[in-house]
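Secondary and tertiary structure notes
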Amino acid sequence: MAKKGTNSSSIKTTGTKKTTGTKKTYDTKTKKIKISGSLVGNRVNVLESELLEKLKSIKPEKEIIFDLTKVDYIDSRGISLCIGMYKECLKKGFDFSIESSSNVYRILNQINLTRVFPIKEAS
Amino acid sequence: MQDMELLHDLVQESREHLQNIEPDLLELEQNGESVSDELINRVFRAVHSIKGGFGFFGIEKVIQLAHSMENILSRIRDHELNVTKDLTDALLKGIDKLQVMMDDIENTDSIDIGPELETLAPFRQQTVSKESKTDSDGTQKPEESTIPGHPYLDPDQMEKARKSGKFIYNITAESIKDIEERDLTPQKIIENWEKIGEILDITVNLDDIEQLSGSSNKNLTFSIVFASVLEPDLISTGCEIPDNQIELLNKKELSKNDNSKTSDNHNKEQESSKLNETEKKPVHSESHAIDESLRVRVSLLNNLMNLAGELVLSRNQLVQLFNKKLSDLLQTDSHFSDFNRTIEQSITSASEAIELNPSSEANTLLSELYKIKESFKNCFSFPMQEISGINASLQSIDTVTSLLQENIMQTRLQPVSVVFQKFPRVVRDLAHKLGKQINLEMTGQDVELDKSIIELLSDPLTHLVRNSADHGIELPQQRTKAGKNPAGKLELSASQQGGKVIIKVSDDGKGLDSEKIIEHAVTKGVISDQSAANMSIHEIQMLIMAPGFSTAEKISDVSGRGVGMDVVRANIERLGGSIDIESDPGYGTSITLTLPLTLAIIPSLIISTEGRNFAIPQVGVEELVRIRAFEVTSKIERIQNAEVMRLRGKLLPLVRLSELLELQPTFVHPETGERMEDRRAHWSDRRGPDKKDHKLADNRRKGKEDRRENVSNAVMVIVLKSGQYLYGLVVDQVLDNEEIVVKPLPEYLKSTQCYTGATIMGDGKVAMILDPGGIAQKADLRFSDLEDDSINKNQNDLQNDLHEILLFDTGTQERFGLDLDSIVRIETAESKEVELVGNREFLKRDQVTFPLIHIHDFLPVNKPENKSDTFYVLIPRNRRKIGVAVNQVFDVVHSEYKLQTNEIHGSGILGSMIINDRLTIILDMPALLGAVNSNAGVH
């Protein structure tokens with residue numbers, strides 16, 4: 001019963017990327033899973049199955065970055081999804097971290113998920 | 001808007017709390033350590049709920065101040081602080097400031113609470129230092145470190161919250177039930193909560209979610225440590241989380257607040273408990289008790305009151321209408337019976353005639369007659385039984401209406417304690433300020449008065465209490481010198497007598513100094529020298545309520561700016577009440593206020609003039625005087641173009657109501673019954689029945705009554721009281737005494753001075769309610785001229801040494817004389833009205849019982865052998881009402897005193913003289929009263 005239309009989102013998996021210079025670098029074993037749109041309501045359920053698929057296809061990598069920089073809103077289901085992702089990665093032996101928009105960062109920080117896994121606020 | 005309403009309710013509630021705190025604090029100061037824990041807890045809870053309530057609205061200054069006070073109160077309860085005068089002063093100051101803030105709750109930001117916090121600080125600081133000591137002594141911050149699931153909680157933050165008086169809760173929120181199903185998001189919840197408190201820590205229960213699969217449908221539990229001023233019974237509503245998910249963490253502190261002691265050894269787990277198990281229960285039982293009463297807007301009550309008044313009027317009209325209809329019906333009914341009887345007679349005689357002389361034509365006529373009778377019966381027979389049924393239901397409407405009105409009136413009644421309760425504080429502050437010791441005793445606090453009266457009573461009463469404390473009660477050393485208890489007594493009492501409430505303010509101070517009052521009144525020009533000489537003690541004492549009078553030798557900021565007592569009197573009179581002073585020099589003063597129970601229904605006198613009805617409140621009516629038609633010319637005089645009436649040696653200015661209201665003067669012609677225009681310039685202009693009047697003489701000879709001597713031409717004067725002056729209001733007729741329902745004046749009539757309101761009479765007509773004070777003002781009456789005139793007259797009497805002497809006997813051969821001035825009134829009495837208590841006699845009049853004395857009990861005169869069934873009672877001018885029984889009153893004579901003092905003498909006797917050829921013993925009333933008063937039995 002996923003809502004269609006405005007709330008469409010997409011998952012993009014970007015491969016390894018090497019950057020130079022002083023900025024952050026990702027080594028080859030970093031996988032970024034990018035989500036855009038809002039992380040709310042029934043959409044989360046849809047995303048959940050999509051993510052499960054995605055994770056299955058990912059080969060054992062060192063680190064998974066859950067990229068929420070293009071996510072504006074997140075509700076309790078979204079939070080559950082983040083924790084689910086974290087638990088899943090934990091099980092599979094991946095390092096897990098989140099990069100998020102400031103809006104999402106604020107709430108994740110308020111509920112102190114920052115104490116559980118690294119969360120980076122996108123500038 | 002809703003918030004403003006809530007805030008308004010909270011302010012109302014807090015005001016009540018503050019009012020209740022004050023007497024408790026005073027008791028605390030008085031009884032110190034021995035005071036019950038319950039009392040301290042009560043004060044604590046009141047301050048605490050003020051703090052909590054305003055916490056909701058985030059009104060910082062109130063919270064800050066209330067918190068400071070609460071802090072100190074908790075120390076008092078734990079016996080860590082001794083209650084001293086300074087401490088109560090500081091707390092009372094705090095209460096005062098809170099009250100100021102309640103008055104202007106929207107602008108509390110601009111109110112400076114610095115001074116109050118400063119005075120409270122010393123007591124508070126001790127608390128803080130002691131607390132920090134326990135912290136360093138005891139195990140290191142035990143509370144914070146043991147909250148399960150919150151290992152990262154910042155202990156300093158927690159301690160700070162705790163010290164600022166906040167409750168600390170551990171709240172569990174379920175993601176599905178508490179967030180999703182309410183269309184909320186965690187972010188929204190956090191925002192909401194931050195409005196009512198401070199989130200100290202949030203943790204998410206990670207164990208709820210094991211894997212990604214199904215994670216979004218799993219319930220996620222948040223655990224939040226939340227600090228708020230909201231009390232346990234409010235937090236659930238504030239946070240929108242069920243009670244059973246809220247745990248109070250600093251219960252130890254709270255339990256210390258609410259009960260006396262909790263062992264410090266209690267460990268954390270035991271202290272914290274689910275709210276619904278412990279905290280909630282007492283709250284519920286309390287709210288059950290509160291449910292007994294309900295807050296209702298006063299405007300609503302006013303409307304109800306008006307409607308009930310309306311209903312009363314309609315009922316009166318209905319009853320009147322019905323009674324008239326009923327008597328009409330009865331009359332018609334009797335007509336019908338007559339008619340019926342006539343027909344029956346006709347039928348009988350017709351039948352007899354037919355028997356003698358039968359004819360078919362007559363038979364037809366007879367049967368016609370029968371038909372007429374039947375149809376008449378059908379048409380006009382009255383079901384009288386039905387009417388009596390209507391009567392019964394009318395009666396029940398009558399009763400129910402009265403009860404309804406009575407009950408609605410009762411909803412407006414408030415106990416006088418509402419006013420009284422502020423006096424312990426007032427008296428305490430005054431006593432400290434003036435260096436006096438004053439014990440305040442209050443009785444009858446549950447006596448109830450209408451809200452409107454209660455509200456207006458506060459200022460006058462405060463003034464009286466201040467006066468008593470300031471001017472009445474002496475300094476302790478003076479009191480000791482006078483042989484009195486160094487601590488003065490100030491009594492405030494209320495009692496109900498019939499439809500009136502009596503409020504008394506009495507002290508055992510120095511009393512009123514008549515000499516000083518006179519001196520002062522004369523210097524201030526309140527009275528003239530001459531009038532001073534003629535005043536009774538009581539009249540002198542009443543002078544303190546004259547405009548521009550103040551007995552205080554030095555004007556203090558406590559009382560006495562010279563307008564006080566006059567304003568008090570005016571205010572009380574405006575309430576339809578009266579004020580009286582009794583003072584015993586050296587022993588104290590007692591001021592009595594007599595007030596009506598309500599302003600909405602007042603007993604009044606219905607009068608009519610020029611065919612219109614008016615109501616005069618009975619409190620303003622002194623007496624009714626009827627001047628007989630032939631006495632008009634002799635009793636009514638003209639002075640300075642104004643008409644005055646001579647009443648017992650005093651001149652009263654007269655006001656003709658119809659003239660004042662500019663009504664066309666008319667009169668009813670006694671023969672034709674027609675209302676005709678009256679063309680006289682003054683109504684005392686009438687041709688007197690002098691000898692030259694031939695027409696009158698002629699009429700008399702013929703045994704015909706002259707119109708000018710007709711009873712209907714008598715002048716009706718109502719003697720009204722305006723302040724301390726009397727005047728006469730001339731009206732056409734006095735109709736009735738009636739309890740009237742006062743309706744406020746419409747806006748366009750408010751500018752007229754003559755009316756205080758309007759009422760609707762039983763016949764549905766509107767009658768205006770006259771205002772005695774306003775009439776005097778509008779008529780521009782000048783009392784001073786008249787006073788001077790009468791004084792001059794008295795002065796003349798004095799110069800000529802002429803006395804008005806009342807002659808009477810006591811049933812013996814002896815004749816007595818008495819200066820008429822020493823008597824207020826003469827009444828008749830019957831011996832069966834006399835009640836014996838012990839060997840003393842009492843007479844009961846108008847619900848007042850007063851002692852009856854016999855002259856022979858106090859003076860060496862003969863005792864009458866027989867008691868007659870009826871006798872006269874002289875009421876002398878005296879502080880207490882006393883009756884002197886006499887057998888017969890003969891006459892009043894004007895005579896000089898030519899007293900013989902050799903033959904007959906003694907205390908109470910001035911001497912003897914010959915009056916009307918009889919030896920007459922002239923009594924000395926003041927001396928006689930002195931003997932009576934000193935007789936313990938009468939006193």
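Residues numbered from 1 in each chain as written. Chains lettered and ligands numbered in written order. Predicted model: local features only at pLDDT ≥ 70, side-chain atom pairs only at ≥ 80, totals over all residues.

Remarks on the overall build of chain B
Along the backbone of chain B there are 30 helices and 36 strands. Evaluated residue by residue, chain B yields a buried proportion of 28% over its 939 residues. Put simply, of all contacts in chain B between residues at least 6 apart along the chain, 65% involve residues at least 24 apart. (Helix = DSSP H or I, 4+ residues; strand = E, 2+ residues; numbered from the N terminus. Buried ≥ 20, exposed ≤ 12 C-beta atoms within 10 Å, placed from the backbone. Contact = placed C-beta atoms within 7 Å.)

What to know about the overall build of chain A
Each helix and strand in chain A was counted, giving 3 helices and 5 strands. Shown N-terminal to C-terminal, the secondary structure of chain A runs as helices and strands in the order β-β-α-β-α-β-α-β. Within chain A, contacts between residues at least 6 apart in sequence are counted, and of these 70% link residues at least 24 apart.

Focus on unusual backbone geometry
Residues and elements named next belong to chain B. Positive phi is not limited to glycine here, since D183 has a value of about 60 degrees. The residue D183 is located in the loop between α8 (175-179) and α9 (186-196) in this model. Owing to 8 C-beta atoms within 10 Å, D183 belongs among the exposed residues under this scheme. Here the phi dihedral of D917 falls at roughly 65 degrees; this positive angle occurs in a residue that is not glycine.

Here we look at the confidence of the model for chain B
Residues and elements named next belong to chain B. In the predicted model, chain B carries a mean pLDDT of 77, and the fraction of residues at 70 or more is 81%. Taken together, the stretch residues 126-145 has pLDDT below 50 and engages in 13 contacts with residues farther than four places along the chain or on a different chain. pLDDT under 50 marks residues 785-799. Its contacts with residues more than four places away, or in other chains, come to 15 contacts. The ipTM for the predicted assembly is 0.82, set against a pTM of 0.45. (pLDDT = per-residue confidence, 0-100.)

Observations regarding the packing of helix α18 (residues 423-434) of chain B against helix α19 (residues 451-472) of chain B
All names here are of chain B. Interaxial distance between α18 and α19 falls to 10 Å at its minimum, and their mutual angle equals 30 degrees. Classed by the angle they form, the pair α18 and α19 counts as roughly parallel. As α18 packs across α19, the resulting crossing turns out to be right-handed. Across the interface between the two elements, F423, V426, V427, L430, A431 and L434 of α18 pack against T462, V465, R466, A469 and D470 of α19. (Axes fitted to C-alpha atoms, helices over the stretch in contact; angles between N-to-C directions. Parallel < 35°, antiparallel > 145°, perpendicular 65-115°, else oblique. Left-handed = near helix turned anticlockwise from the far one by under 90°.)

Brief notes about the interface of chain A and chain B
Many authors give the size of an interface as the accessible area that is lost as the parts come together. Counting residues at the interface gives 25 residues for chain A and 23 residues for chain B. Elements represented by at least two residues in the side of chain A that touches chain B include exactly α1 (42-57), α2 (76-92) and α3 (102-110) of chain A. Here the element with the most residues in the side of chain A that touches chain B is α2(A); it accounts for 11 residues. Residue composition of the side of chain A that touches chain B, by class: 12 nonpolar, 6 polar and 7 charged. (Nonpolar A, V, L, I, M, F, W, Y, C, P; charged D, E, K, R; others polar.)

Looking at the packing of α1(A) against α2(A)
All names here are of chain A. In the contact formed by α1 and α2, the axes pass within 10 Å of each other and the chain directions differ by 15 degrees. Compared by their axis directions, α1 and α2 come out roughly parallel. For the element pair α1 and α2, the recorded crossing hand is right-handed. Side by side, α1 and α2 meet where V44, L47, E48, L51 and L55 of the first sit next to R77, G78, L81, M85 and E88 of the second. The class makeup of the residues in the contact of α1 with α2 is 6 nonpolar, 1 polar and 3 charged.

Here we look at the sheet that holds strand β35 (residues 909-915) of chain B
Residues and elements named next belong to chain B. The strand order across the open sheet built from 5 strands is β34-β26-β27-β36-β35, with neighbouring strands paired in mixed fashion. Pairing within the sheet leaves two strands with one partner each, and these edge strands are β34 (888-896) and β35. Looking at each pair of strands side by side, their axes are set apart by 30 degrees on average, direction ignored. (Pairing = 2+ DSSP bridges.)

Some points on the nonpolar core
Burial of nonpolar side chains together is a common tendency in soluble globular proteins. Core analysis: the largest hydrophobic core is formed by 85 residues, its most contacted members being C82(A), V47(B) and Y169(B). At 8 residues, helix α3 (residues 60-77) of chain B tops the list of elements feeding residues into this core. Setting aside residues up to four positions removed in sequence, V47(B) forms contacts with I21(B), A66(B), M69(B), E70(B) and L73(B). Counting residues in hydrophobic clusters, the runner-up holds 40 residues, among them F423(B), V465(B), I517(B) and L593(B). (Core = buried A, V, L, I, M, F, W, Y, C linked by C-beta atoms within 7 Å.)

Notes on α1(A)
All names here are of chain A. The end-to-end C-alpha distance of α1, which contains 16 residues, comes to 24 Å, matching closely the 22 Å that a straight helix rising 1.5 Å per residue would cover. When we look at burial in α1, the residues that qualify are R43, V44, L47, E48 and L51. In an axial view of α1, the angular spread of the buried residues amounts to 140 degrees, which keeps them on one side of the axis. The exposed set on the far side of α1, more than 90 degrees from its buried face, consists of S49, E53, K56 and S57. (Expected span 1.5 Å × (residues − 1). Arc of directions from axis to C-beta.)

A few points about the sheet that holds strand β25 (residues 766-770) of chain B
All names here are of chain B. The strand order across the open sheet formed by 5 strands is β23-β13-β14-β25-β24, and the pairing between neighbours is mixed. The open sheet has two edge strands with one neighbour each: β23 (733-741) and β24 (755-760). Averaged over all neighbouring strand pairs, the angle between strand axes comes to 35 degrees, with direction disregarded. Summarising the sheet, strand β14 (residues 612-617) and β25 pair through 2 bridges and their orientation is parallel. The residue of β25 that forms the bridge with A615 is I769.

Here we look at the environment of E16(B)
All names here are of chain B. Within the element layout of this structure, E16 appears in helix α1 (residues 2-31). Among the residues examined, E16 registers 11 C-beta atoms within 10 Å and is labelled exposed. For the pair E16 and A46, spaced 30 residues apart in the sequence, the C-alpha separation amounts to 9.2 Å.

Remarks on α3(A)
Three or more residues of α3(A) are buried, namely V104(A), Y105(A), I107(A) and L108(A). Note on α3(A): the residue one or two positions beyond its end, N112(A), has a positive phi of about 65 degrees.

Considering the environment of V426(B)
All names here are of chain B. As for its placement among the helices and strands, V426 is situated in helix α18. Assessed through the 17 C-beta atoms surrounding it within 10 Å, V426 is described here as partly exposed. Separated by 36 residues in the primary sequence, V426 and T462 place their C-alpha atoms 8.2 Å from one another. Not counting the four nearest positions on each side in its chain, V426 is found in contact with T462 and V465.

Quick notes on the confidence of the model for chain A
All names here are of chain A. Here chain A shows a mean pLDDT of 78. Residues at 70 or above account for 77%. Mean pLDDT across the elements of chain A bottoms out in strand β1 (residues 11-14) (64) and peaks in strand β4 (residues 95-100) (90). The low-confidence segment residues 1-8 (pLDDT under 50) makes 10 contacts with residues lying over four places distant or belonging to another chain. Long-range and interchain partners of residues 16-25, a stretch whose pLDDT sits below 50, account for 6 contacts in this model, where long-range means more than four residues apart.

Considering the environment of T920(B)
Residues and elements named next belong to chain B. Turning to its location among the elements, T920 is positioned in strand β36 (residues 918-923). Among the residues examined, T920 registers 24 C-beta atoms within 10 Å and is labelled buried. Sequence spacing of T920 and R815 is 105 residues, and the spatial spacing of their C-alpha atoms is 4.9 Å. Those residues in contact with T920 that lie beyond four places of it in its chain are L807, R815, F816, G817, S912, M913, I914 and I915.

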